[in-house]
Amino acid sequence: MLTPVGTGVLRYSYPMGDTPAVCLTQNIPPSFRVRAHARATKRGDTKGKEKEGENDEGRKKEEEKNEGQEQEGKKEGEEEETGRQDDDSDNDQKDLISILLLGCGDLRKILFTINHDKGRQLDITCCDNERSIIARNTLLLTLLIDMMDSQTPLSPSLHDLFPIYYHLYLPPHLASLIASQARKLLDVSDSQQTWHASPYGHGGIRFCDTYSLSRVREVWQCWAQLDGDEDPGVTDVDLKVKFEADLAATREAKTDERVDGTGYGLVYTAVRSAAPAADEDMRHLNDLHQRFWRVGSLSVQVTDAHKKVKGSSQVNPMFVTPDAGRVRMHWGLDPLLGFSLAEAYTRTVNEPEGWRETEDVSASQKVVTVVMDKFAAWCQSFRNAWAERSVVTRWFVGDAIAFGHTLQGCANGVAVNAHWYRSRHSFRRLMFDGEDYQPGSLTPAPLSFMVIDTSNLVDDLGALNMLVATSPLLENNLAATIYTEMLTRYHCTYKDEADNLLCGPISTVALLLGLACAFDPPPASPESMSLPVYTLKCEEKELAGLSHQIYKKMFWDDCQEDIIAAMMANMNLAGYADDGAHERRSNHKLYTPASFAAFLKLIKGRVQVNDWTATVEAILALIEREPRREAHGDSEPVADYTPELRAWLHLFGVYTPLEWRISNNNTHLVPPKEERLWQL
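Quick caveat: nothing in here was measured; it's all calculated off a predicted structure. Residue numbers here run from 1 along each chain, matching the order of that chain's written sequence. Reporting of local features is limited, given that this is a predicted model, to residues whose pLDDT is at least 70; pairs of side-chain atoms are given and counted only at 80 or more, and all residues count toward the totals for whole chains, interfaces and linings. Only hydrogens and water are set aside; all other atoms, that is, all heavy atoms of the structure, feed into the side-chain values.

**Student:** Tell me about the overall build of the chain, and name the residues and values.
**Tutor:** Per the secondary structure count, the chain includes 25 helices and 16 strands. The burial tally for the chain puts 50% of its 680 residues in the buried class. Within the chain, contacts between residues separated by at least 24 positions form 77% of all contacts whose residues are at least 6 apart in sequence. Surface exposure here means Shrake-Rupley accessible area, sampled with a 1.4 Å probe, where a residue is shielded only by the protein chains that are shown. With the model as given, the accessible surface of the chain reaches about 32,200 Å², and the carbon-plus-sulfur share is 51%. Strands are runs of DSSP state E lasting at least two residues, helices are runs of H or I lasting at least four, and both sets are numbered from the N terminus onward. Exposed residues in this analysis have more than 50% of their type's maximum accessible area, buried residues have under 20%, and partly exposed residues fall in between, with area computed by a 1.4 Å probe over protein chains only. Whether two residues touch is decided by their heavy atoms; if any such pair falls within 4.5 Å, the residues are in contact.

Below, the structure is given as C-alpha cells:
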C-alpha cells in the first residue's frame, strides 16, 4: 500500500458530514447543460425524422426509376443529414457529467448538488471505507424512491427524513420503517445481478463489485432485526446493548479539543457553518450540540424525561453497525455541521418580515427549522431527478487510493484485477467484477471524471498520495476539477501550508501532476484544475534535484540532521523550522517508499528527459548521500529503506537496477509483463 498501516483496533466512523455541503458542479460551465439539452432535443427530433425517412425510402426507390440522378442526389443529402444527427446523438452521451467522491461520507454533497444545479445529467461514483456509511446512504435513497409510489405502506413524510438520517433515537414507527426497508432490500440483493435487475439497481443505484454489495447487505441484515417491537428478540437486544455501550464510550471520550479557550466549555465547531452571519451570539449552537449527544436528537420536544419513558423512542437502526466494538462514532459529530446555517440569521425574500425576531421562536428552533427544511428540499430534488432519470450513483466499499489506482488500471485496459488490495487491513484483492466495468457493457461506468472530491482524506492519507491516485482520472478538459478539504493545519500561515502540502513548490509539483492550482495560497478547500495533455521537457539534473527535495519532505525523519542544522541556524529549510508541525507529522506518517515510486511513475509519463535511467540513478545517489540519523542508546541503527525504494521503483516500472536485470549468466530477471504494477 502507498500509506503506512497502523495496528489500531478501534477506528472512528463519520456517518454525518463535518463540513458544509458544496455544489460539486460549481466549476462546470452552464454551456455543458445547454449543449446537452439542445442535443437531447435534436436526438428526439431525429427519431421522428428516421421514421419519416423509412416511409419515404420505399417511395423514393419507386421514383428513382423515373426521376434518375436528381432523386439520388437528394437521397444522399438526406443520408448526410441523418449521419450528422446521429453524431450529435452520440455526442449527447459525452455531456453526462461524471463525478468521483472518495471518502464520500453522507449524502449532503450529492443531494445539495442535485438541488442546486437542477437539470444536470450526473453519474456519481462513491467510495468509502466504512460499509455502514454506504448502507445508510443507499437505504435512504431507496426510501426516497419508494415514497414516489403512493401504494407504499408506512411511507414517511419529507420532514421525517431528517430524523431518520441524523437522529440517534426515533419514534417506534420510524424505527420499524427502517427495519422494514432493510428487509425489502435484502430480498433484492442476493447477488449483483439480482440487485441490478431490481427497480433500484436498474434505475441507477449500482454497486461497483460483488464484495461491496455483500458487505452492505450484512449491515442491512443487522438493521432488519431492529424492528422497534415492545418484545424484542435476543439478537435485537444484543445489538442495542452494544450500541448503547459504544455511545457511552464515545461520550466519555469527548475531550477539550473542540472547546474554546475561554474556559466556558463551549463547542463552537458549528460556527463555521454559520458564516458569514457568525457575528451573532452563537451559544445556542453549543446547546444544540450538547442536546444531540445527551438525548440523541435536535428536536426540542425530545427531553431527558421523554427519553426515559418506555416505548417513546427506539435506537435508530441506521447508527447500529455489526462492527460494534471496532468502529465507533466520532465524538465531534454534529448534524448541523453539514448545512449552511446563515439563513437562520437572515431573512430571505419569501419570508414575512419580523418572524425570526419573535420571542416565541428561540434561536435553536430557528436553526433546526432551517436545517430540516433544507434537507427536505434536497430530498425532493433527488426524487425529481430520479423521476427524470438524470442521476446514477455507484457505490464501492474499500480504500480510496487503491480504488483510484484500480480505476486507472481499468482505463488502461485491465478489466478485472489491477493487483491492489481493497483496504490497508486486508489481503483481499480489489476486483471489479461488476458488469458495468466489463468491456462491451450496456451500462458502462465512467473511468474518467469531470469532478473528483476527496473530502479531507489528505489529512489522513497525504495530498501527494491522493493526487497521484486521482489526477490521471480527470477528463482532459479545463473545467475538470479536484476538490480537497483540510481540517488539520500543520503550519501557521496558508503560504507555509501550501509550500508543504505537496512536499514541494505547490505550483511546480502540480504542473508535474498535470494540474493547476485554482488558489495560491490555498483556502481551507484547495482546488486543482486539469490542464490539457502535454509533455514537459526537463534536464536530468534539474528533475533529479526537484525529486530529491520532494523526497526529503516526504520523509523528513530520514533527513533529521539537515533539519536540526536548519533549525539551529534559524532557517526555514523547506518549511522544517516549524518544530511543532513536524512533531505532529511524525506521530502520523503519510508516505512510504511506495508513495515516492508511484509519484515517479506518474511524472515519467508526463516529463520528457534525455535519459530516464540516468535521472533515477541521480535521484538515488542524492538520497544515498543523505546523512543518516543515528540510533539512540544501544538500539539497532535506523533501517535504510533505499532497497525497499528500489524494489518499488522496479515494480512500478520506473527503474530496474542493472544487477537486477542481468544475472551472472546474462539471464533477464524482469518479471512477465502481466505481473508488473506499471502495466496496469
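**Student:** Explain empty space enclosed by the protein to me, using residue names and the numbers behind them.
**Tutor:** With a 1 Å grid spanning the protein atoms alone, the term cavity applies to any set of points in which a 1.4 Å probe fits but cannot get out, the term pocket to an open set with protein on both sides within 12 Å along at least five of seven lines, and the term lining residue to any residue with an atom within 4 Å of a point. Grid points are joined across faces, edges and corners, and a volume is the space filled by probe spheres set on the points. Applying the stated rule across the entire model yields 5 cavities of 30 Å³ or more. One number sums up the size of the largest cavity: a volume of about 220 Å³. As for the largest cavity, its lining consists of 19 residues, and the residues nearest its centre are Phe319, Val320, Thr321, Val327 and Met329. Where the lining of the largest cavity is concerned, the elements lending two or more residues are α4 (131-147), α10 (234-252) and β7 (327-329). Only Asp, Glu, Lys and Arg are considered charged in this grouping, and only Ala, Val, Leu, Ile, Met, Phe, Trp, Tyr, Cys and Pro are considered nonpolar; every other residue, Gly among them, is considered polar. Its residues placed into classes, the lining of the largest cavity shows 11 nonpolar, 4 polar and 4 charged.

**Student:** Explain the side chain of threonine 321 to me, using residue names and the numbers behind them.
**Tutor:** Turning to its location among the elements, threonine 321 is positioned in the loop between β6 (314-315) and β7. Note on threonine 321: relative accessible area 12%, which makes it buried. Side chain to side chain, threonine 321 and serine 132 meet in a polar contact 3.1 Å long. At 3.0 Å, the side chain of threonine 321 and the backbone nitrogen of aspartate 323 are in polar contact. Polar contact is the term for a pair of N or O atoms within 3.5 Å; when the atoms are in protein, one must be able to donate a hydrogen and the other to accept it, and sequence-neighboring residues count only if both atoms are side-chain atoms.

**Student:** Could you give me a rundown of the pairing of strand β8 (residues 391-397), with the residues and numbers involved?
**Tutor:** Among the 7 residues that make up β8, 6 are buried, leaving the element largely enclosed by the rest of the structure. Summarising the sheet, strand β3 (residues 122-128) and β8 pair through 7 bridges and their orientation is parallel. Note that in β8 the partner of threonine 125 across the bridge is arginine 394. As defined by bridge partners, strand β5 (residues 205-207) adjoins β8 across 3 bridges and the pair is classed as parallel. Pairing of arginine 206 across the sheet is with arginine 394, part of β8. In this description, strands pair whenever DSSP reports at least two bridges between them.

**Student:** Go over the packing of aromatic side chains with me, naming the residues and quoting the values.
**Tutor:** Two aromatic rings, drawn from Phe, Tyr or Trp (for Trp, its six-membered ring), form a pair once their centres lie within 6.5 Å of each other, and the interplanar angle then sorts them: stacked below 30 degrees, edge-to-face above 60, tilted otherwise. Under the counting rule described, the total for this entry stands at 26 aromatic pairs. Ring plane angle 35° and centroid distance 4.8 Å describe the contact between phenylalanine 162 and tyrosine 166, whose orientation is recorded as tilted. Of this pair, phenylalanine 162 and tyrosine 166 both sit in helix α5 (residues 161-166), 4 residues apart, roughly one helical turn. For the pair shown, phenylalanine 162 and tyrosine 166 are each scored as buried. Ring centres 6.0 Å apart and planes at 80° place the aromatic pair phenylalanine 162 and phenylalanine 375 in the edge-to-face group. Of this pair, phenylalanine 162 sits in helix α5 while phenylalanine 375 sits in helix α13 (residues 363-387), placing them 213 residues apart in sequence. As far as the burial class goes, phenylalanine 162 and phenylalanine 375 line up, both buried. Ring-pair connections join several aromatic residues into one group, and the members of that group are Phe112, Phe162, Tyr165, Tyr166, Phe339, Phe375 and Trp378. For the cation-ring pair, arginine 136 lies above tyrosine 165, with the distance from its terminal atom to the ring centre recorded as 4.2 Å. Sitting over a ring, as applied to charges here, requires NZ of Lys or CZ of Arg to be within 6 Å of the ring centre and within 35 degrees of the ring normal. Here the guanidinium or amino end of arginine 136 rests over the ring plane of phenylalanine 319, the centre of that ring lying 4.8 Å away.

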